[in-house]
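Chains, contacts and geometry: an overview
If you want the building blocks of each chain, they are given just below.
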Amino acid sequence: MATESPATRRVQVAEHPRLLKLKEMFNSKFGSIPKFYVRAPGRVNIIGEHIDYCGYSVLPMAVEQDVLIAVEPVKTYALQLANTNPLYPDFSTSANNIQIDKTKPLWHNYFLCGLKGIQEHFGLSNLTGMNCLVDGNIPPSSGLSSSSALVCCAGLVTLTVLGRNLSKVELAEICAKSERYIGTEGGGMDQSISFLAEEGTAKLIEFSPLRATDVKLPSGAVFVIANSCVEMNKAATSHFNIRVMECRLAAKIPFLCGGLQTGCWNSGVCHLCILFGELLAKYKSLQWDKVLRLEEVQAKLGISLEEMLLVTEDALHPEPYNPEEICRCLGISLEELRTQILSPNTQDVLIFKLYQRAKHVYSEAARVLQFKKICEEAPENMVQLLGELMNQSHMSCRDMYECSCPELDQLVDICRKFGAQGSRLTGAGWGGCTVSIVPADKLPSFLANVHKAYYQRSDGSLAPEKQSLFATKPGGGALVFLEA
Ligand code: GLA
């Protein structure tokens, strides 16, 4: 798996209505026939929210909705991009002068991220040009990863145009890194599942090194996605990066400011002392200022996630930290905090909730492992147990991580009321979709009732094109199609 490349499939385009339509539109746009097509799927994260960038494993599956691109390499350096959706205007540039504007998350910038990632990986300054027509059916800004699917698709398009080879793992790592050109400090979940997904199975995605393991979902239940219709583009606000920075700071602070560095502040009865005993001296000498991720803290201390939760309670305080206190703990100036730790769009943040964010991360990481274990052991009441974990995840996202919104909270309540054993926000949050686990025999009544309760509002305030409620199954990963 680690060395496997994305598959290339020969298809009769005439037998695939979406490919055929794309081929015809490509012809009328560029006056020629595409040489190949690439698809990369979106995803739904079943559990493990906002922990990939802290180094912890997540449990997503690919959805059938994807980004599909028809491609024709050209002999010039011109890159011409068009989209079947008239909301996304044409774009052209020179493929040897890629500029990505971080201030505006325009659609074509995601394509450029994928292209630039591959270009840089091979150290190429010149790239052959291409004509591309993009067609996506993942609802945008809905937490189903439409932007990463575009980045991944563009990365695989570029690789194919260059006639080079990379494994799925390498592609996922390159695309995760290059999507950060857009300005968000995402983890690698979305790109990893887009390349590593396999039909019929969800995946546990682990990082450093990146790997994906099959997780067999219960056969008696269905996963249902429901769009809250609140749009959230994580690149357009600083919410997402603030959380990444809070986690970064939470990884550094307890050990610089708390018991380990200064001796016990709790008369020798705190969890740090109880857990570590004489190891304390050793840990004092570690370079905590180099630590960036909460998982590294756990690895260095060599203790369980449950113990990390206890340590967090002692080492961090629930009151928010302000930049001055953080600088005092880290022994750095405000200027150093801004230039060396914070991202450009989090420079002026005045409040950092380190305790709450760390508690979410460690508890969510533990829930992912429990979820996988239940899927493996398949106890009789597994749907109920998995549902409980999903409910706890939502609660933690809402209360500790503060990445929900009233509409998402209302939607998960409605889903639970009409038969879901568990329901939670999925993706970055602050809007977008929920995912619910529903016993298979309750699916028809669940869909009908949720539709009525959430989407058929008397005030007609939900745009019909965004209303979506559908059952989903684990889909396959990114592919190249050639016309047979
Ligand atoms: C976005 C990011 C992912 C992940 C999720 C939250 O989708 O791209 O890396 O952090 O949010 O779980």
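The structure presented is a predicted model; accordingly, all values stated were derived computationally and were not measured.

About the criteria used
Residues numbered from 1 in each chain as written. Predicted model: local features only at pLDDT ≥ 70, side-chain atom pairs only at ≥ 80, totals over all residues. Heavy atoms only, no water. Salt bridge = Lys/Arg side-chain N within 4 Å of Asp/Glu carboxyl O. Helix = DSSP H or I, 4+ residues; strand = E, 2+ residues; numbered from the N terminus. Buried < 20%, exposed > 50% of the residue type's maximum accessible area, 1.4 Å probe, protein only. UniProt positions renumbered as here; feature names shortened; annotations may be inferred. Near = heavy atom within 4 Å. Polar contact = N/O pair within 3.5 Å; in protein donor to acceptor, adjacent residues only side chain to side chain. Areas by Shrake-Rupley, 256 points an atom, 1.4 Å probe, with all protein chains shown as cover. Nonpolar A, V, L, I, M, F, W, Y, C, P; charged D, E, K, R; others polar. Pairing = 2+ DSSP bridges. Axes fitted to C-alpha atoms, helices over the stretch in contact; angles between N-to-C directions. 1 Å grid on protein atoms, 1.4 Å probe; cavity = no way out; pocket = protein on both sides within 12 Å on 5 of 7 lines; lining within 4 Å. Points joined across faces, edges and corners; volume = space filled by probe spheres on them. Phe/Tyr/Trp six-rings, centres within 6.5 Å; stacked < 30°, edge-to-face > 60°. Lys NZ or Arg CZ within 6 Å of the ring centre and 35° of its normal. Expected span 1.5 Å × (residues − 1). Contact = heavy atoms within 4.5 Å. Disulfide = S-S within 2.5 Å.

Moving on: the pattern of salt bridges. Applying the stated criterion across every chain, the model contains 25 salt bridges. Across the salt bridge formed by Lys-23 and Glu-483, the nearest N and O atoms sit 3.0 Å from each other. Here Glu-483 lies in strand 13 (residues 479–483) and Lys-23 lies in helix 1 (residues 17–30), a separation of 460 residues in the sequence. Among the residues examined, Lys-23 registers a relative accessible area of 18% and is labelled buried. The partner of Arg-43 in a salt bridge is Asp-190, and the shortest N-O contact between them spans 2.9 Å. Residue Arg-43 is found in strand 2 (residues 36–47), and its partner Asp-190 is found in helix 5 (residues 189–196); the two are separated by 147 residues along the sequence.

So, on to the UniProt feature "domain: GHMP kinase C-terminal" (unreviewed entry) in the protein. Sequence positions flagged by UniProt for "domain: GHMP kinase C-terminal" (unreviewed entry) are, in local numbering, residues 383–455. Taken as a whole, residues 383–455 contains 58% helix and 15% strand, while its terminal C-alpha atoms sit 26 Å from one another.

The next thing to look at is the site of the ligand. Taken together, 13 residues lie around the ligand, and Glu-49, His-50, Asp-52, Gly-187 and Asp-190 are the ones closest in. In the model, an oxygen atom of the ligand is placed 2.7 Å from a nitrogen or oxygen of the His-50 main chain. Residue Gly-187 places a main-chain N or O atom 2.9 Å away from an oxygen atom belonging to the ligand. Expressed as a share of its isolated accessible area of 300 Å², the protein-covered part of the ligand is 98%. When grouped by side-chain class, the residues that make up the shell around the ligand number four nonpolar, four polar and five charged.

Now for the sheet that holds strand 10 (residues 422–425). Here we have four strands laid out as an open sheet, ordered 10-11-9-12, and antiparallel in their pairing. The outermost strands of the open sheet, each flanked by one partner alone, are strand 10 and strand 12 (469–472). Strand-to-strand twist of the sheet, defined as the mean angle between neighbouring strand axes without regard to direction, takes the value 25°. Pairing of strand 10 with strand 11 (residues 433–439) involves four bridges; the strand directions are antiparallel.

Its boundaries defined by the atoms lining it, the second largest pocket holds a volume of some 510 Å³. Around the second largest pocket, the lining is made up of 24 residues, and of these Arg-39, Glu-199, Gly-475, Gly-476 and Gly-477 lie nearest the centre. Elements represented by at least two residues in the lining of the second largest pocket include exactly strand 3 (59–74), strand 12 and strand 13. Along the lines of polarity and charge, the residues of the lining of the second largest pocket split into eight nonpolar, seven polar and nine charged.

Looking now at the packing of aromatic side chains. Counted according to the given criterion, the structure contains five aromatic pairs. An angle of 45° between the planes, with centres 6.1 Å apart, marks the rings of Tyr-88 and Trp-107 as tilted. Here Trp-107 lies in helix 2 (residues 107–121) and Tyr-88 lies in the loop between strand 4 (78–83) and strand 5 (91–94), a separation of 19 residues in the sequence. On the basis of relative accessible area, Tyr-88 is assigned to the partly exposed category, the value being 28%. Taken together, a centroid distance of 5.2 Å and an interplanar angle of 80° make the contact between Tyr-454 and Tyr-455 edge-to-face. Looking at Tyr-454, the relative accessible area reads 0%, which means it is buried. On the basis of relative accessible area, Tyr-455 is assigned to the buried category, the value being 5%. For the cation-ring pair, Arg-164 lies above Phe-122, with the distance from its terminal atom to the ring centre recorded as 4.5 Å. The ring of Tyr-401 has Arg-243 sitting right over it, with the charged end atom 5.8 Å from the ring centre.

This part takes up helix 17 (residues 443–455). Given a rise of 1.5 Å per residue, 13 residues ought to cover 18 Å, and the 17 Å separating the end C-alpha atoms of helix 17 matches this to within 8%. Buried-residue contacts for helix 17 involve strand 9 (221–227), helix 16 (406–417), strand 11 and strand 12.

Attention now moves to the state of the cysteines. Inspection of the entire model under this criterion finds zero disulfides. A disulfide-free cysteine, Cys-403 has its sulfur positioned 4.1 Å from the sulfur of Cys-397, the nearest such atom. On the basis of relative accessible area, Cys-403 is assigned to the buried category, the value being 0%. Cys-415 takes part in no disulfide bond, and the closest cysteine sulfur to it belongs to Cys-433, at a distance of 11 Å.

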